[in-house]
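# What the coordinates show
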Amino acid sequence: MFLEQGIKPENKFWKYLLGSVFIIAASFVGQIPLTAAVFYKTVVEKKAFPTTDQGVMKMFESNTTLFLVMISFIFALAGIYFVVKYIHHQTLLSVTTSRSKVDWKRISFSFFVWTIFSVLSFLFVYLKSPENFVLNFKLIPFLILVVLGTILIPVQTSTEEYVFRGYLMQGFANLARNRWFPLLMTSVIFGSMHWANPEVVKMGNIIMIYYIGTGLFLGIITLMDEGMELALGFHAANNLVGALLVTSDWSVFQTHSIFKDLSEPSAGIDVILPVVVIYPILLFIFSKKYGWTNWKERLTGEINNVEIK
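Scope of this entry: the structure provided in the associated data block.

What counts, and at which threshold
- Residues numbered from 1 in each chain as written.
- Predicted model: local features only at pLDDT ≥ 70, side-chain atom pairs only at ≥ 80, totals over all residues.
- Heavy atoms only, no water.
- Helix = DSSP H or I, 4+ residues; strand = E, 2+ residues; numbered from the N terminus.
- Buried < 20%, exposed > 50% of the residue type's maximum accessible area, 1.4 Å probe, protein only.
- Polar contact = N/O pair within 3.5 Å; in protein donor to acceptor, adjacent residues only side chain to side chain.
- Contact = heavy atoms within 4.5 Å.
- Core = buried A, V, L, I, M, F, W, Y, C linked by side-chain atoms within 4.5 Å.
- Pairing = 2+ DSSP bridges.
- Axes fitted to C-alpha atoms, helices over the stretch in contact; angles between N-to-C directions.
- Phe/Tyr/Trp six-rings, centres within 6.5 Å; stacked < 30°, edge-to-face > 60°.

## Side note on the side chain of H235
- The topology assignment puts H235 in helix α10 (residues 229–245).
- The class for H235 is buried, based on a relative accessible area of 6%.
- A distance of 3.3 Å separates polar atoms of two side chains, one belonging to H235 and the other to E160.
- When residues no more than four places from it in sequence are discounted, the contact partners of H235 are T157, E160, E161, F190 and L218.

## Structural notes on the nonpolar core
- If you look at the biggest cluster of nonpolar residues, it comprises 53 residues, and the most contacted ones within it are F217, I221, L282, F286 and W292.
- Element by element, the count of residues in this core is highest for helix α9 (residues 208–225), at nine residues.
- Once residues lying within four places of it in the same chain are set aside, the contact partners of L282 are V113, W114, F117, F217 and F234.
- Core analysis: the next-biggest nonpolar cluster, separate from the first, contains 22 residues, M70, F73, F142 and I153 among them.

## Some thoughts on the side chain of S287
- Within the secondary structure layout, S287 lies in helix α11 (residues 269–290).
- Those residues in contact with S287, other than ones at most four positions away along the chain, are W292 and W295.

## Here's the deal with the sheet that holds strand β2 (residues 246–248)
- Read from one edge of the open sheet, three strands run β1-β3-β2, paired in mixed fashion. In this open sheet, the two edge strands, each paired with only one partner strand, are β1 (133–135) and β2. On average, adjacent strands in this sheet sit at an angle of 35° to one another, irrespective of strand direction.
- Of the strand pairs in this sheet, β1 and strand β3 (residues 259–261) are connected by three bridges, and their pairing is antiparallel. Within β3, the residue paired with F133 across the bridge is D261.
- This element, helix α5 (residues 104–128), spans β1, β2 and β3 of the sheet and lies at about 105° to β1.

## Topic: the packing of aromatic side chains
- Enumeration according to the criterion identifies 25 aromatic pairs in this entry.
- Ring centres of F164 and F190 lie 5.4 Å apart, and the angle between their planes is 80°; this geometry places the pair in the edge-to-face category. With F164 in helix α6 (residues 139–176) and F190 in helix α7 (residues 180–192), this pair connects stretches of sequence that are 26 residues apart.
- The class of F190 is buried, set by a relative accessible area of 3%.

In structure tokens form, the structure reads like this:
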């Protein structure tokens, strides 16, 4: 079983704290190229020093920004591998899935399903209010975005999944020896990590319902499916399709997407709808395809009588 794979007597919780610090440090090392680029812009080219994250993002051409920002996730992913192997003496597979190997069909299915949902949702909004969008398409920058995004965005999303639905979920399971506590804690922490996003400033704290709700959804499908594959596919589709399809001046990333959203952001039904309607529909689809049963035990049950190997 997925959570049980990380439960060992030597996996004390302080190791997870140490491992988390190491992963964060690796991420900071990966930010050195971006820091150096900002230094070059401000010192050599005499540009104004940015005082906000948004200011940093707008210093460079958007594809360059995407590349520089994503480097930190490459280092963080390497840090996860090091921590899992050398601090916890586990394989990366053991924090990915309970299956004997990664099920790429599950990743592909989840990616495909959420891509379809995302495209249809955008078309609905676009057809409802076309005046809020302008065509932003430029062939060469868009093709570069496709290449960079296809390679780097799955690295970013996979890193987040390995941290929250893999490493920390098993860590909290070691601490609490149940399933509800890891699910709740990783969802709240995942949502809280988005608190500094410009979307929160624009829409208010109510959008945290969406972020925490998304973390809860990803945690549920991980626990029910005994592996991260569905979460990996969903998260990659969510970020990649978003980057390619539509951008705005107030989003965390500005990209050379096909469309640009000119509307003033507001938190309304579009924040609540995914959490209370769309995610339950996805849970129904996944549960029928993969034959999920015994929901209460898998999501809230105690972890007892773990066989230590």
